[in-house]
Amino acid sequence: MTAPDAAGVPAWVEPMLAKADGGRLRSGPEWAYEYKLDGYRAAMRIGPAGTTVLTSRNNIDFTAEFADLAGVLTPALDGRAAYLDGEIVVYGEDGRIDFERMQERRGRYVRHQSGPKGLEFRDVPVRFLAFDLLRLGDRNLLATPYDERRRLLAELPMPDPHRVSVVRAVTFDELAADRRTPADFLADAASAGYEGVVAKLRSSLYSPGQRPDSWLKHPLIRTQEVIVCGWRPGQRSFTGTLGGLLLGAHDPATGDLVYIGDVGTGFSQATRADLQARLQGMERRTHPFVTTPPREDTARARWVEPRLVGEIVYRQFTRAGRVRHTAWRGLRHDKDPAEVLAPRAVPHEPAAPPAPAPAVEPQRITVQAGNRRLTLSNLDKVLYPADGFTKGEVINYYSRVAEVLLPHLAGRPVTFIRYPNGVEGQKWFEKNVPKGAPDWLRTARVAGTGGTIDYPLLDDLPGLVWAANMAALELHVPQWTVESGARRPPDRLVFDLDPGPGTTIVDCCRVAERLHDVLVADGLTPYAKTSGSKGMQLYCGIRTDDPAAPSAYAKRIAQRLAAETPESVTAVMAKAQRTGRVFIDWSQNNPAKTTVAPYSLRGRDHPTASAPVTWEEVRACRHVTHLTFAADDVLDRIDEYGDLLAGLGKDSAPLG
């Protein structure tokens with residue numbers, strides 16, 4: 001780090017970058033984890049007198065554009081200089097980081113840059129999220145280990161956390177202490193709408209301009225910077241506007257500009273008009289690539305000088321060097337075309353959460369669900385290929401089980417696992433109410449470890465049908481309810497019986513019988529259901545004022561059974577301990593955890609569901625098929641038994 005300027009503002013340092021982890025999220029006590037953010041990478045450099053300079057990752061001055069971030073930390077530094085590395089973000093109305101809104105704000109700033117000074121865009125506030133500290137006072141921290149840099153950063157007071165705050169970081173050991181894993185942290189990142197997770201070696205130094213193995217990013221969506229090299233006029237409903245963009249990037253091996261495909265979705269009407277106006281002033285007669293793109297890809301193409309950098313979402317990069325299943329995200333004014341490198345094709349690369357579908361009008365029908373009229377789409381789409389089970393059949397199933405399912409969802413925040421392309425496609429967790437949700441849908445705002453989440457509440461048939469239409473095959477709920485926006489104490493105790501390698505649900509039944517006797521002896525009334533996957537759950541209705549009591553009680557019982565029969569039962573989550581044993585997962589009583597709801601479908605090869613069962617069935621089970629129920633089986637069972645969990649709330653007892 002070179003000497004500060006005349007105002008004592010630390011000199012700019014080329015930022016350290018994260019390397020892709022190849023699809024394997026690193027695990028172990030040497031690692032810490034941060035959320036991967038979706039904004040503009042920036043340095044916040046502050047002089048002793050409070051002079052603040054904001055600089056992009058390639059040393060573009062952002063200070064004027066984000067003027068309301070200047071001076072925020074001055075009161076906290078007591079005359080010390082500081083250098084914070086982080087990201088400038090904008091939040092959407094759903095409380096998630098919204099890169100598109102950042103792009104809109106950026107476009108407005110550029111258009112009004114020559115107008116009146118002091119334009120602050122108060123309707124689109126920005127926030128600086130710091131994740132590293134490179135200098136504090138006279139102390140240069142580049143050669144200081146990550147753990148120490150983060151400790152110093154966390155100790156800095158944040159006078160206005162709505163404008164400047166610190167990105168959450170958690171170590172592997174901290175996760176393990178909460179009976180959680182890096183995969184759980186990744187799931188939290190997905191549900192909260194983050195781009196992914198960055199794993200950082202706790203002993204790592206800060207290496208300016210480098211992309212070492214000590215910072216590894218695990219994206220939940222695949223994004224790619226691209227160079228806009230041409231455009232096509234729109235057709236049909238887009239006649240007279242921009243239809244799509246032709247994209248390029250530099251070959252990582254040769255540096256040549258190569259054609260990598262096109263993008264035709266993800267544009268708003270305003271974005272199409274803005275891009276068309278920009279590109280019409282940049283046109284050239286010939287393409288700019290080192291080799292001519294395929295003729296079929298360039299019909300009606302209008303070529304432009306390769307000066308604009310944008311960003312797309314994509315699912316696949318083919319061996320032929322093409323991005324597939326793309327959607328536009330916006331221009332990247334903070335990136336230089338020379339920096340844009342084409343991705344590398346990876347065999348069997350994992351898919352990203354789906355980008356917006358191509359602009360093809362889906363099949364739609366309008367139905368009456370309860371007191372609401374809903375528009376449903378793609379009812380013939382097969383979601384379970386092995387059985388040909390369609391989305392229409394999923395909606396039909398949830399409509400028919402609604403009478404027995406809804407009481408178990410009432411007042412409970414719902415987490416969805418969605419499979420828009422079927423169980424063989426990419427799935428993702430969704431806690432926050434998605435964009436486009438109907439305004440009549442009830443929601444609950446709940447504070448959690450990752451921030452505030454607006455959960456959906458499925459209290460009626462229309463809500464259930466709406467969720468099924470989104471291919472929300474799995475519904476997961478906590479053991480507590482909300483009332484008037486407040487979280488109530490847990491009213492259910494759950495034991496999740498998970499068969500390890502070499503065991504099945506038959507072994508779970510033997511453990512369930514033992515648990516039944518223990519719980520009854522303690523004055524509780526246990527109910528059983530299959531998970532719809534490999535194992536089963538036991539529930540008891542309880543009364544307690546202590547949110548931690550169910551976990552403590554369940555852990556004590558689980559450890560007792562594991563101590564009595566260590567050869568067949570474990571109360572430890574570690575996979576190495578589970579071979580030949582049934583794992584009694586007591587941790588799902590943690591208020592932050594959820595369990596698959598009764599009657600929920602599962603995202604397995606076949607449309608199986610979580611089904612309540614009688615204790616006679618548990619005791620008689622001698623083969624996995626005895627307690628495996630497909631959707632049709634569950635409907636037949638409801639006709640025969642009604643809701644086998646109907647007494648769960650009535651039979652609640654104090655948790656001693």
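Check the entry above for the structure.
Read on for a plain summary of the structure.

The rules behind each value
Residues numbered from 1 in each chain as written. Predicted model: local features only at pLDDT ≥ 70, side-chain atom pairs only at ≥ 80, totals over all residues. Heavy atoms only, no water. Pairing = 2+ DSSP bridges. Helix = DSSP H or I, 4+ residues; strand = E, 2+ residues; numbered from the N terminus. Contact = heavy atoms within 4.5 Å. Axes fitted to C-alpha atoms, helices over the stretch in contact; angles between N-to-C directions. 1 Å grid on protein atoms, 1.4 Å probe; cavity = no way out; pocket = protein on both sides within 12 Å on 5 of 7 lines; lining within 4 Å. Points joined across faces, edges and corners; volume = space filled by probe spheres on them. Nonpolar A, V, L, I, M, F, W, Y, C, P; charged D, E, K, R; others polar. Salt bridge = Lys/Arg side-chain N within 4 Å of Asp/Glu carboxyl O. Buried < 20%, exposed > 50% of the residue type's maximum accessible area, 1.4 Å probe, protein only. Patch = residues over 30% accessible without salt bridge, like charges linked within 9 Å, V, L, I, M, F, W, Y side chains within 5 Å. Areas by Shrake-Rupley, 256 points an atom, 1.4 Å probe, with all protein chains shown as cover. Lys, Arg positive; Asp, Glu negative; His and termini not counted. Charge placed at Lys NZ, Arg CZ, Asp CG, Glu CD. Polar contact = N/O pair within 3.5 Å; in protein donor to acceptor, adjacent residues only side chain to side chain.

## So, the sheet that holds strand E1 (residues 19–20)
Now for step 1: Taken together, the 5 strands give an open sheet; going across it, the order is E1-E11-E10-E2-E9, and neighbouring strands pair in mixed fashion. The strands lining the two open edges of the sheet, one partner per strand, are E1 and strand E9 (169–171).
Now for step 2: As defined by bridge partners, strand E2 (residues 31–36) adjoins E9 across 3 bridges and the pair is classed as antiparallel. Bridge pairing in E9 links Tyr33 to Val170.
Now for step 3: Along the sheet face, helix H3 (residues 146–155) touches E2, E9, strand E10 (196–201) and strand E11 (215–219) and points at about 55° away from the line of E2.
Now for step 4: Sheet strands in contact with helix H5 (residues 182–191) are E2, E9, E10 and E11, and its direction is about 10° off that of E2.

## A word on empty space enclosed by the protein
Now for step 1: Summed over all chains, the structure comprises 3 cavities of 30 Å³ or more.
Now for step 2: Of the voids in this model, the largest cavity is the one considered here, and its volume is about 60 Å³.
Now for step 3: Lining the largest cavity are 13 residues, and of these Val13, Pro15, Ala42, Ala43 and Asp85 lie nearest its centre.
Now for step 4: Put simply, the parts of the chain that give the lining of the largest cavity at least two residues each are strand E3 (40–46), strand E4 (52–56) and strand E5 (82–90).
Now for step 5: Looking at the lining of the largest cavity element by element, the count peaks at 3 residues for E3.
Now for step 6: Along the lines of polarity and charge, the residues of the lining of the largest cavity split into 8 nonpolar, 2 polar and 3 charged.
Now for step 7: In this structure, the second largest cavity occupies an estimated 50 Å³ of space.
Now for step 8: What lines the second largest cavity is simply Tyr599, Ala611, Pro612, Val634, Arg637, Ile638, Tyr641, Gly642 and Leu644.
Now for step 9: Within the lining of the second largest cavity, the residues separate by chemical class into 7 nonpolar, 1 polar and 1 charged.

## Describing the pattern of salt bridges
Oppositely charged side chains may form a pair once their charged atoms are brought near each other.
Now for step 1: Inspection of the entire model under this criterion finds 35 salt bridges.
Now for step 2: When the shortest N-O distance is used, the salt bridge between Arg202 and Asp147 registers 2.9 Å. Of this pair, Arg202 sits in the loop between E10 and E11 while Asp147 sits in helix H3, placing them 55 residues apart in sequence.
Now for step 3: With a relative accessible area of 30%, Asp147 lands in the partly exposed category.
Now for step 4: Salt-bridge contacts for Arg488 lead to Glu483; the nearest nitrogen and oxygen are separated by 3.4 Å.
Now for step 5: Several salt bridges converge on common partners, so that one network encompasses Asp38, Glu311, Arg329, Arg332 and Asp334.

## Notes on a positive patch on the surface
Now for step 1: Judged by side-chain charge, Lys427, Lys534, Lys575 and Arg604 come together as a positively charged surface patch.
Now for step 2: Counting through the fold element by element, Lys427 comes out in the loop between strand E23 (415–418) and strand E24 (428–430).
Now for step 3: Judged by its relative accessible area of 39%, Lys427 is partly exposed.

## Here we look at unusual backbone geometry
Now for step 1: If you check the backbone angles, Asp78 has positive phi at about 50° while not being a glycine.
Now for step 2: Locating Asp78 in the fold gives a position in the loop between helix H1 (74–77) and E5.
Now for step 3: For Asp78, a relative accessible area of 65% puts it in the exposed group.
Now for step 4: At Tyr599, a residue that is not glycine, the phi angle is positive and equals roughly 75°.

## Details of the sheet that holds strand E14 (residues 257–263)
Now for step 1: With antiparallel pairing, 5 strands are arranged side by side in an open sheet as E14-E13-E12-E15-E18. The two strands at the open ends of the sheet, each matched to only one other strand, are E14 and strand E18 (327–331). On average, adjacent strands in this sheet sit at an angle of 50° to one another, irrespective of strand direction.
Now for step 2: Taken together, the 4 bridges between strand E15 (residues 302–313) and E18 define a ladder with antiparallel strand orientation. If you follow Ile312 over to E18, its bridge partner there is Trp328.
Now for step 3: Strands strand E12 (223–233), strand E13 (242–250), E15 and E18 of the sheet are contacted by helix H6 (residues 269–280), whose axis makes an angle of about 60° with E13.

## Some words on the environment of Gln588
Now for step 1: Position of Gln588 among the secondary structure elements: in the loop between strand E34 (582–585) and strand E35 (595–596).
Now for step 2: Its relative accessible area of 11% is what places Gln588 among the buried residues.
Now for step 3: Sequence separation of Gln588 and Gln479 is 109 residues, and the distance between their C-alpha atoms is 8.3 Å.
Now for step 4: If we ignore the near neighbours within four places in the chain, the residues touching Gln588 are Gln479, Val494, Asp496, Lys593, Thr594 and Thr595.
Now for step 5: Within the structure, Gln588 has its side chain in polar contact with the side chain of Asp585 (distance 3.5 Å).

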